[in-house]
Amino acid sequence: MNKFHHIGIFVKDLEYGKSEIEKFIDISSVSDEIVDELIGVKIIFVKDNSNVTYELVAPNGNDNPVTGVLKRGKDYLNHIAYECDSFENEINKLRSKGLIPLGKAKKAKAFQGAKVIFFLSPMGFIIELIETEPK
């Protein structure tokens with residue numbers, strides 16, 4: 001079964017993103033900064049008073065998924081993420097439903113080495129799957 005995890009927002013800089021989101025969301029907690037060299041991003045997780053988690057994702061280096069999005073000036077609200085118990089089964093399910101993988105599953109530092117994979121939905125938004133138990 002899938003469980004909602006977070007909404008991913010691409011930002012040019014983590015401090016900038018945090019200051020902007022605080023203008024319209026009451027923040028109850030902010031994680032430490034996570035630098036993921038494999039994916040090429042810096043991340044913080046911000047929770048609001050309703051316990052909804054927002055992942056702010058900024059570029060780290062030249063090879064990253066954020067810079068191109070920021071240059072296009074759209075798709076800042078980038079993805080909706082779900083944890084899943086049966087990672088490979090969910091990948092196959094999404095593929096069979098017509099969602100397109102945007103690369104291979106990779107281990108993510110933000111999730112203690114659990115794999116993540118991103119899919120483009122037919123409606124044009126991105127879904128991230130997060131492996132609940134790292135293999």
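Everything here concerns the structure above.
Keep in mind that what you see is a predicted model, and the values were worked out from it rather than measured.

Enquirer: If you had to explain the layout of surface pockets to someone new, which residues and values would you point to?
Expert: Space inside the largest pocket adds up to approximately 720 Å³. The wall of the largest pocket is formed by 36 residues, among which Phe 10, Ile 39, Pro 65, Asn 78 and Phe 118 lie closest to the centre. For the lining of the largest pocket, the secondary structure elements donating two or more residues are strand E1 (2-10), strand E4 (41-48), strand E5 (53-59), helix H2 (67-72), strand E6 (77-84), strand E9 (115-120) and strand E10 (126-131). For the lining of the largest pocket, the residue count by class is 20 nonpolar, seven polar and nine charged. The space that makes up the second largest pocket amounts to roughly 240 Å³. Taken together, Ile 9, Phe 10, Val 11, Lys 12, Tyr 16, Gly 17, Glu 20, Ile 21, Phe 24, Leu 56, Leu 70 and Tyr 76 make up the full set of residues lining the second largest pocket. Among the secondary structure elements, those contributing two or more residues to the lining of the second largest pocket are E1 and helix H1 (14-21). When residues in the lining of the second largest pocket are grouped by element, the largest group, four residues, is from H1. Across the lining of the second largest pocket, the residue classes tally to nine nonpolar, one polar and two charged.

Enquirer: Could you give me a rundown of the nonpolar core, with the residues and numbers involved?
Expert: Judged by nonpolar contacts, the single largest core of 17 residues is most densely connected at Ile 43 and Phe 111. Mapped onto this core, the elements with two or more residues apiece are E4 and H2. The biggest single contributor to this core is E4, with three residues. The residues touching Phe 111, leaving out its near neighbours within four places in the chain, are His 5, His 6, Phe 45, Val 116, Glu 128 and Ile 130. Residues Val 11, Leu 14, Ile 25 and Leu 56 belong to the second largest nonpolar core, which totals 10 residues.

About the cut-offs
Residues numbered from 1 in each chain as written. Predicted model: local features only at pLDDT ≥ 70, side-chain atom pairs only at ≥ 80, totals over all residues. Heavy atoms only, no water. 1 Å grid on protein atoms, 1.4 Å probe; cavity = no way out; pocket = protein on both sides within 12 Å on 5 of 7 lines; lining within 4 Å. Points joined across faces, edges and corners; volume = space filled by probe spheres on them. Helix = DSSP H or I, 4+ residues; strand = E, 2+ residues; numbered from the N terminus. Nonpolar A, V, L, I, M, F, W, Y, C, P; charged D, E, K, R; others polar. Core = buried A, V, L, I, M, F, W, Y, C linked by side-chain atoms within 4.5 Å. Buried < 20%, exposed > 50% of the residue type's maximum accessible area, 1.4 Å probe, protein only. Contact = heavy atoms within 4.5 Å.

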